[in-house]
Amino acid sequence: MKYAFVTDFHSDSKIKRDVLKDAVGNENVYENNEGFNVLVKKLEQNDTVLLFNIQDLSITWEGFVERWKQLLSRGVYIEVFVDGESDAETRIYNKELAEVDYIEVGYNLNLFYLNQKKITGMRKAQEKGTRFGRKKVKNPDNFVEYYHKWKNRELTVKQAAEHIGMNVSTFFRHCKDYEKQLQG
């Protein structure tokens, strides 16, 4: 029997799910931790488990190794799309041919983990009020005067920007911000 396993911790999990459903049927696709546990109990010798990416087994290296060993101990074949392409060939692993490029998998899982950790840290910092990027430069004291002169067509945009001491694109950005302040 052929089954598939997918997780939803990647942004492209819907695409993966659809590809796997096409390959093994909707009723044979198992998802996330609960689905993996059900799948393992259902597996018999010489069944095949289809993965879109080998990293889909787990988000941690320890979890990956544990699940990989669980599958191989059941005597099943593990079929993985090569390079995660749905129209590409698949690579098959079994108990005798269990040589996975662990270094590549570990590296990719580590990158994913570090990226998630960075994103989580940045969100927490933003919630506390931390701002990222360059600090906004305040308008010079004479900005409003030259803004109105430019708006009243007394000066060109280039002349107004030169009087203030900024380039034209910066002047336009400050004008846009100033106009938002006036409206809001």
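In case you missed it, the structure is sitting above this.
Let me sum up the structure you'll find in this document. Please read these numbers as outputs of a predicted model, since none were measured by experiment.

Let's talk about the overall build of the protein
- Each helix and strand in the protein was counted, giving seven helices and five strands.
- Sequence-ordered secondary structure for the protein, helices as α and strands as β, is β-α-β-α-β-α-β-β-α-α-α-α.
- The contacts in the protein between residues at least 6 apart in sequence include a share of 61% that link residues at least 24 apart.
- By element, 48% of the accessible surface of the protein is carried by carbon and sulfur atoms, the whole surface being about 12500 Å².

Details of the pattern of salt bridges
- Taken as a whole, this structure holds four salt bridges when the rule is applied.
- A salt bridge links Glu145 to Lys149, with the nearest nitrogen and oxygen atoms 3.3 Å apart. Of this pair, Glu145 and Lys149 both sit in helix 5 (residues 143–151), four residues apart, which is roughly one turn of the helix.
- Of the charged contacts in the structure, one is a salt bridge between Lys151 and Glu179, with a shortest N-O distance of 3.4 Å. In this pair, Lys151 is assigned in helix 5 and Glu179 in helix 7 (residues 168–183), connecting sequence segments 28 residues apart.
- For Glu179, a relative accessible area of 26% gives the class partly exposed.

Quick look at helix 2 (residues 32–42)
- Taken residue by residue, helix 2 has Gly35, Phe36, Leu39 and Val40 as its buried positions. Within helix 2, the buried residues cover an arc of 135° as seen down the axis, which keeps them to one side. Pointing more than 90 degrees away from the buried face of helix 2 are the exposed residues Glu34 and Lys41.

A short note on a positive patch on the surface
- Together, Arg131, Arg134, Lys136, Arg173, Lys176 and Lys180 line one region of the surface with positive charge.
- Secondary-structure assignment places Lys136 in the loop between helix 4 (102–127) and helix 5.

Quick look at the environment of Trp150
- Within the element layout of this structure, Trp150 appears in helix 5.
- Of the residues examined, Trp150 reaches a relative accessible area of 19% and is grouped as buried.
- For the pair Trp150 and Ala160, spaced ten residues apart in sequence, the C-alpha to C-alpha distance is 6.3 Å.
- Contacts of Trp150, omitting those with residues within four sequence positions, involve Leu155, Thr156, Val157, Ala160, Phe171, Phe172 and Cys175.

Examining the side chain of Thr48
- The residue Thr48 is located in strand 3 (residues 48–51) in this model.
- Beyond its immediate chain neighbours, meaning those up to four positions away, Thr48 contacts Met1, Lys2, Tyr3, Tyr77 and Glu79.

Quick look at unusual backbone geometry
- Of note, Asn32 is a non-glycine position whose phi angle comes to about 60°, a positive value.
- Here Asn32 is to be found in helix 2.
- At Arg153, a residue that is not glycine, the phi angle is positive and equals roughly 65°.
- With respect to the element layout, Arg153 can be found in the loop between helix 5 and helix 6 (157–164).

About the thresholds
Residues numbered from 1 in each chain as written. Predicted model: local features only at pLDDT ≥ 70, side-chain atom pairs only at ≥ 80, totals over all residues. Heavy atoms only, no water. Helix = DSSP H or I, 4+ residues; strand = E, 2+ residues; numbered from the N terminus. Contact = heavy atoms within 4.5 Å. Areas by Shrake-Rupley, 256 points an atom, 1.4 Å probe, with all protein chains shown as cover. Salt bridge = Lys/Arg side-chain N within 4 Å of Asp/Glu carboxyl O. Buried < 20%, exposed > 50% of the residue type's maximum accessible area, 1.4 Å probe, protein only. Arc of directions from axis to C-beta. Patch = residues over 30% accessible without salt bridge, like charges linked within 9 Å, V, L, I, M, F, W, Y side chains within 5 Å. Lys, Arg positive; Asp, Glu negative; His and termini not counted. Charge placed at Lys NZ, Arg CZ, Asp CG, Glu CD.

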